[in-house]
Amino acid sequence: MTPIEYCYEKVKKSKSNFTWAFYFISKERRDALISLYAFCREIDDIVDETLEIEVATAKINWWKTEINRLFHETPQHPVSKSLLKFVHIYELNEAYFIEMLDGMEMDLKFNRYENFKQLQLYCYRVAGVVGILSVKILGFKNQGTLKYAHDLGIALQLTNIIRDIGEDARKNRIYIPLDELKEFNVSEDEILKFHESINLSNLLMHEIARAEVFYKNAYQKLPKEDLNQQIPGLLMGKIYETLLLEIKRDKPEQTLNRKVLLPPLRKILVILLCFFKNKLYALSN
């Protein structure tokens, strides 16, 4: 198995929504994005699958060393070997990869966040940075596109947090800021015991509204001249935004006990509508 084949297999197993957008780009850019997301899966799996914090920390530190090797052109891992040519072609900064690893370290050190300022840093590291690197791979002319990527990445991560609140509770993780739990009169114990309530519903509606603002801001910050190249990111955004609307239309508190998913046909319809809408808009401007 070649390094890029390893990356495709890694991403395929993750069954991520992100792969839906990869069909609309050239093979080289697709290979670069697949390599990037395979890296994301590798480091995310450390947190999800390693029970001992000391072992997980050692693995994160190994990856920090491996990133250093990558940027000195001596990578050892199949994913970093696959990334090697792309970090040069698309001028991907080493610091961004370290930021992602720092985000994974936050998952090892914290299972609660006191306020949104702390949570936003986490969201930036694990998702905003990925958005910025993706923008670099897809190509852009206007620096404002990086601000779009930052906000869209945070919107996607906030959607994940809302969708996975029950799944995270099973791991003794609560990503909703503690000061906001207090504000809406929701206890940690209620979440950890999967107790659905009107207070939790109100809290999650508050979180949904915040994510909606980040989606809106992201779309507004995308410069027109870069819209055509950034359509894959917009497709991912629309899939997750549609998922967020599904949670909002239903009872948001039910995400404690069931995971809301979009069926494949619904995703295809969202993608096609978004693709043709933005293609027409790009051609008319």
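Residues numbered from 1 in each chain as written. Predicted model: local features only at pLDDT ≥ 70, side-chain atom pairs only at ≥ 80, totals over all residues. Heavy atoms only, no water.

A.B. asks: Give me the lowdown on the overall build of the protein, citing residues and values where you can.
C.D. replies: Summing up its helical and strand segments, the protein has 13 helices and zero strands in all. Mapped in sequence order, the helices and strands of the protein form the string α-α-α-α-α-α-α-α-α-α-α-α-α. In terms of overall size, the protein behaves like a compact globule, its C-alpha atoms giving a radius of gyration of 19 Å where 285 residues would be expected to give roughly 19 Å. Residues classed as buried in the protein amount to 53% of the 285 residues present. Within the protein, counting contacts between residues at least 6 apart in sequence, those at least 24 apart form 73% of the total. When the accessible surface of the protein is summed, it comes to about 13,700 Å², and 54% of that surface belongs to carbon and sulfur atoms. Looking at charge distribution, the protein has the averaged site of its 40 positive side-chain charges lying 5 Å from that of its 39 negative ones. (Helix = DSSP H or I, 4+ residues; strand = E, 2+ residues; numbered from the N terminus. Rg over C-alpha atoms; globule rule 2.2 N^0.38 Å. Buried < 20%, exposed > 50% of the residue type's maximum accessible area, 1.4 Å probe, protein only. Contact = heavy atoms within 4.5 Å. Areas by Shrake-Rupley, 256 points an atom, 1.4 Å probe, with all protein chains shown as cover. Lys, Arg positive; Asp, Glu negative; His and termini not counted. Charge placed at Lys NZ, Arg CZ, Asp CG, Glu CD.)

A.B. asks: Lay out the pattern of salt bridges with the relevant residues and their values.
C.D. replies: Taken as a whole and assessed by the stated rule, the structure comprises 24 salt bridges. Across the salt bridge formed by Arg41 and Asp45, the nearest N and O atoms sit 3.1 Å from each other. Taken together, the residues Arg41 and Asp45, both in helix H2 (residues 27-49) and four residues apart, mark about one turn of the helix. A relative accessible area of 14% means that Asp45 is categorised as buried. With a closest N to O distance of 3.1 Å, Arg125 and Glu99 form a salt bridge. (Salt bridge = Lys/Arg side-chain N within 4 Å of Asp/Glu carboxyl O.)

A.B. asks: Can you tell me about the side chain of Glu66, naming the residues and giving the values?
C.D. replies: Here Glu66 is to be found in helix H3 (residues 53-70). The exposure class of Glu66 is buried, given its relative accessible area of 0%. Polar contacts involving the side chain of Glu66 include one to the side chain of Arg69, which spans 2.7 Å. In contact with Glu66, other than residues within four places in its own chain, are Pro75, Gln76, His77 and Ser80. (Polar contact = N/O pair within 3.5 Å; in protein donor to acceptor, adjacent residues only side chain to side chain.)

A.B. asks: Residue-level account of helix H12 (residues 231-249), with values.
C.D. replies: For H12, with 19 residues, the first-to-last C-alpha span of 26 Å sits near the 27 Å given by 1.5 Å per residue. The buried count for H12 comes to 14 of 19 residues, which makes it a mostly enclosed element. (Expected span 1.5 Å × (residues − 1).)

A.B. asks: Now, about the environment of Val130: what can you tell me, with residues and values included?
C.D. replies: Looking at the element boundaries, Val130 is found in helix H6 (residues 116-138). Of the residues examined, Val130 reaches a relative accessible area of 7% and is grouped as buried. Placed 38 residues apart in sequence, Val130 and Asp168 show a C-alpha to C-alpha distance of 21 Å. Discounting residues that sit within four places of it in the chain, Val130 has contacts with Leu36, Tyr37, Cys40 and Met100.

A.B. asks: Break down the environment of Ser80 for me, citing the residues and quoting the values.
C.D. replies: With respect to the element layout, Ser80 can be found in helix H4 (residues 78-89). Expressed as a C-alpha distance, the spacing of Ser80 and Ile67, which sit 13 residues apart in the sequence, is 7.4 Å. When neighbours within four sequence positions are excluded, Ser80 is seen to be in contact with Trp63, Glu66, Leu70 and Pro75. For Ser80, the side chain forms a polar contact with the side chain of Glu66, separated by 2.4 Å.

A.B. asks: Quick rundown of the packing of H2 against helix H5 (residues 94-109)? Include the residues and the values.
C.D. replies: With their axes 9 Å apart at the nearest point, H2 and H5 run at an angle of 20° to one another. Relative to H5, the element H2 lies roughly parallel. Where H2 crosses over H5, the two elements pack in a sense that is right-handed. Across from Leu36, Phe39, Cys40, Ile43, Asp44 and Val47 in H2, the residues of H5 making contact are Phe97, Met100, Leu101, Met104, Asp107 and Leu108. Its residues assigned to classes, the contact of H2 with H5 shows 10 nonpolar, no polar and two charged. (Axes fitted to C-alpha atoms, helices over the stretch in contact; angles between N-to-C directions. Parallel < 35°, antiparallel > 145°, perpendicular 65-115°, else oblique. Left-handed = near helix turned anticlockwise from the far one by under 90°. Nonpolar A, V, L, I, M, F, W, Y, C, P; charged D, E, K, R; others polar.)

A.B. asks: Explain the packing of aromatic side chains residue by residue, including any values.
C.D. replies: Within this structure, the stated rule accounts for 11 aromatic pairs. For the ring pair Phe110 and Tyr113, a centre distance of 6.2 Å and an interplane angle of 55° mean the geometry is tilted. When its relative accessible area of 39% is taken as the criterion, Phe110 is described as partly exposed. The structure contains a cluster of three or more aromatic residues connected by ring pairs, namely Phe39, Trp62, Trp63, Phe71 and Phe97. The ring of Phe194 has Arg170 sitting right over it, with the charged end atom 4.5 Å from the ring centre. Its guanidinium or amino end placed over the ring of Phe116, Arg210 lies 3.9 Å from that ring's centre, counting from NZ or CZ. (Phe/Tyr/Trp six-rings, centres within 6.5 Å; stacked < 30°, edge-to-face > 60°. Lys NZ or Arg CZ within 6 Å of the ring centre and 35° of its normal.)

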